[in-house]
Amino acid sequence: MTITKLLVSAPWLHGHLRQVKVLDCSWHLPMVKRSASSEFAKAHIPTAQFFDIDEIKDLARADLPHMLPPAEFFATAMDRFGIASNDHVVVYDSAGVGPACRVFWTFHTMGHNRVSVLNGGLPAWIAHGYETEAGACSSSVTGADKATEAAHQSKGGNNESARLPLYCAQPQPDLVCSYADIVGNIEQLKASSGHSGRQIIDARPNRRFTGQAPEIRPGLSSGHMPHAISVPSSEVVTVTTASEATGKDSKTEAQSKMSSASDAATVQVLKSPEQIRATFEAAGVDLDRPITTTCGSGVTAAVLYFALLNAGVPRENLTL
């Protein structure tokens, strides 16, 4: 059986573009006032479709922005994308290594393991001189899909005759930590002075972890959970120039025509497995013990989940 790569490069994706399904999973914090869908419409990797994490979620939890979508709703969204359960899916974003990791984890929670993240995302694709295409999000989840979910929920989620599914979600609850789970785990950590129980790793910037900076969403307390360990998601990625990311000695003719300004542009990529392990160990994380990653709404926590997998931590030791 072929093992699916967790992380793929822009040249690899370029060579396999017609053999995989591609999803642009770009997302921005609300205060940034950028529209990921509008940016997708201006430029995206050919064949890509737009996965909106603000739409493909649990719509019944308006108070919590990024709760996992119900399996039936996720399957409906995948049907709309034309993605089947055995397809190899490559996810990417405009950050480099960021929101795509959240969608990567979401696929894992649905039992879909043939999923990879594009290292460096759209910036890496552009840095290699590969073409992009324009066009609006023709396959995003819209109000029609929300109505479909409402119909499924009103009928107990068993309205299988309402559609002909390509996608069969197989939820993996062991990858998901509930509120009750985290409260019980904190009590275990307190009772053992942090020596027993799942380690809680917080992906938010350190100033938000310490309470020196306020939370970005109104009404949320500053600080962190008892016994949590701070490993900001920014610590598992590194920034390189476009010319370094592509490799000066292996440029194609198209790449050679890139301007010096383009060469100086930066690309965010994942650190090496050895560097990732060193980062967590320096923060006091025992990589042989179970880990729950957390953040503000479940996006950057998934970056840590993805980084830990790349560092060789067994998936059965990880939840989010």
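Structure: above.
Reading guide: rules and limits
- Residues numbered from 1 in each chain as written.
- Predicted model: local features only at pLDDT ≥ 70, side-chain atom pairs only at ≥ 80, totals over all residues.
- Heavy atoms only, no water.
- Pairing = 2+ DSSP bridges.
- Helix = DSSP H or I, 4+ residues; strand = E, 2+ residues; numbered from the N terminus.
- Buried < 20%, exposed > 50% of the residue type's maximum accessible area, 1.4 Å probe, protein only.
- Contact = heavy atoms within 4.5 Å.
- Phe/Tyr/Trp six-rings, centres within 6.5 Å; stacked < 30°, edge-to-face > 60°.
- Salt bridge = Lys/Arg side-chain N within 4 Å of Asp/Glu carboxyl O.
- Core = buried A, V, L, I, M, F, W, Y, C linked by side-chain atoms within 4.5 Å.
- Arc of directions from axis to C-beta.

**Student:** Honestly, the sheet that holds strand β1 (residues 7–8) in this entry has me stumped. Any pointers?
**Tutor:** Within a sheet, each strand pairs with its neighbour through backbone hydrogen bonds, oriented either parallel or antiparallel. Reading across the sheet, the five strands line up as β1-β5-β4-β2-β3 and stay open at both edges, with parallel pairing between neighbours. Edge positions in the sheet fall to β1 and β3 (49–50), since each has one partner strand and no second. As defined by bridge partners, strand β2 (residues 21–24) adjoins β3 across two bridges and the pair is classed as parallel. Along β3, the bridge assignment pairs Asp24 with Phe50.

**Student:** Looking at this model, I keep getting lost on the side chain of His108. Mind explaining?
**Tutor:** Structurally, His108 is set in helix α4 (residues 99–109). Look at His108 and you get buried, because its relative accessible area is 4%. When neighbours within four sequence positions are excluded, His108 is seen to be in contact with Asn113, Val115, Gln172, Leu175, Tyr305, Leu309 and Arg315.

**Student:** Explanation requested: the packing of aromatic side chains in the structure shown.
**Tutor:** To describe a pair of aromatic rings, one takes the distance between the centres and the angle between the planes. Summed over all chains, the structure comprises eight aromatic pairs. Centre to centre, the rings of Phe74 and Phe107 are 5.3 Å apart; their planes meet at 80°, and the pair counts as edge-to-face. One end of the pair, Phe74, is in helix α3 (residues 71–81); the other, Phe107, is in helix α4, with 33 residues separating them in the sequence. Residue classification places Phe74 among the buried residues on the basis of a relative accessible area of 0%.

**Student:** Where do I start with the pattern of salt bridges in this structure?
**Tutor:** As a working rule, side chains carrying opposite charge can pair if their charged atoms are close by. Within the structure shown, the criterion is met by six salt bridges. Close ionic contact of Glu39 with Arg34 constitutes a salt bridge, the shortest N to O distance being 2.7 Å. Linked by salt bridges that have partners in common, Asp202, Arg204, Arg208 and Glu215 make up one network.

**Student:** What is the right way to look at the nonpolar core in this model?
**Tutor:** For soluble globular proteins, nonpolar side chains are generally found buried alongside one another. Leu23, Phe51, Met78, Val91, Phe107, Tyr167 and Phe280 are the most contacted members of the largest nonpolar core, which totals 54 residues. For this core, the elements supplying multiple residues, two or more each, are α3, β4 (89–92), α4, β5 (115–118), α12 (273–282) and α13 (300–310). The greatest single-element share of this core, amounting to nine residues, is contributed by α13. Beyond its immediate stretch of four places on either side in the chain, Met78 contacts Phe51, Ile83, Phe107 and Tyr167.

**Student:** Where do I start with α12 in this structure?
**Tutor:** For an α-helix, the turn length of 3.6 residues means that residues three or four places apart are oriented alike. Within α12 the residues assigned to the buried category are Ile276, Thr279 and Phe280. Mapping the buried residues of α12 onto a view down its axis gives an arc of 90°, with all of them on the same face. In α12, the exposed residues that point more than 90 degrees away from the buried face are Glu274 and Ala282. Structurally, α12 contributes buried residues whose contacts are with β6 (199–202), β9 (266–270) and α13. Downstream of α12 by a residue or two, Gly284 has a phi angle that is positive, lying close to 95°.

In short, the description is geometric, and any link to function would need to be established separately.
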